[in-house]
Amino acid sequence: MLAYDLLNPFWWLSAGVILFKAFAFLDAATRQADAYPAAEKKTKGFWLVLLGLALGLDLLLGGSITGSFITLAGLVAAIVYMVDVRPAIRALTGWRGPTDRLTQALRSLGRRGGGNRW
């Protein structure tokens, strides 16, 4: 049964949609809450609930892209976030995300240890 699923292009499409929604949700979760109103967009909580429901329902119901209105509605929400909200927030906060702060923290830890390991 698993070999059939891996050969099915709709399985791959559904997996891609789920991964896209997961990326959109994680990106929304890592952005600063005050950046959303500053960009004249809905609040961070609104986007987290909307994208979280879209992702959760796909994981719960299987995320069939061919027959589920819920999956398509969640995909539209994720696309709107990625195309409209994310660029507006990135324009305000700069192109650096939370990984930049992590990189700086790791570099500062490396310098304290006696040498430049990074």
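Summary of the structure given here.

The rules we used
Residues numbered from 1 in each chain as written. Predicted model: local features only at pLDDT ≥ 70, side-chain atom pairs only at ≥ 80, totals over all residues. Heavy atoms only, no water. Axes fitted to C-alpha atoms, helices over the stretch in contact; angles between N-to-C directions. Helix = DSSP H or I, 4+ residues; strand = E, 2+ residues; numbered from the N terminus. Parallel < 35°, antiparallel > 145°, perpendicular 65-115°, else oblique. Left-handed = near helix turned anticlockwise from the far one by under 90°. Contact = heavy atoms within 4.5 Å. Nonpolar A, V, L, I, M, F, W, Y, C, P; charged D, E, K, R; others polar. Expected span 1.5 Å × (residues − 1). Polar contact = N/O pair within 3.5 Å; in protein donor to acceptor, adjacent residues only side chain to side chain.

**A short note on the packing of helix H2 (residues 9-30) against helix H4 (residues 44-61)**
No. 1: Packing of H2 against H4 leaves a shortest axis separation of 9 Å and a crossing angle of 155°. Judged by the angle between their axes, H2 and H4 are roughly antiparallel. Where H2 crosses over H4, the two elements pack in a sense that is left-handed. Contacts between H2 and H4 involve Val17, Ile18, Lys21, Ala22, Ala24, Phe25, Ala28 and Ala29 from the first element and Lys44, Leu48, Leu51, Gly52, Ala54, Leu55, Asp58 and Leu59 from the second.
No. 2: Looking at the contact of H2 with H4 residue by residue, the classes come out as 12 nonpolar, 1 polar and 3 charged.

**What to know about H2**
No. 1: The end-to-end C-alpha distance of H2, which contains 22 residues, comes to 32 Å, matching closely the 32 Å that a straight helix rising 1.5 Å per residue would cover.
No. 2: Buried residues in H2 make contact with helix H3 (35-38), H4 and helix H5 (69-93).
No. 3: Where H2 starts, the residue carrying a side-chain oxygen 3.1 Å from the main-chain nitrogen of Phe10 turns out to be Asn8.

Honestly, it's all geometry; don't read function into it.
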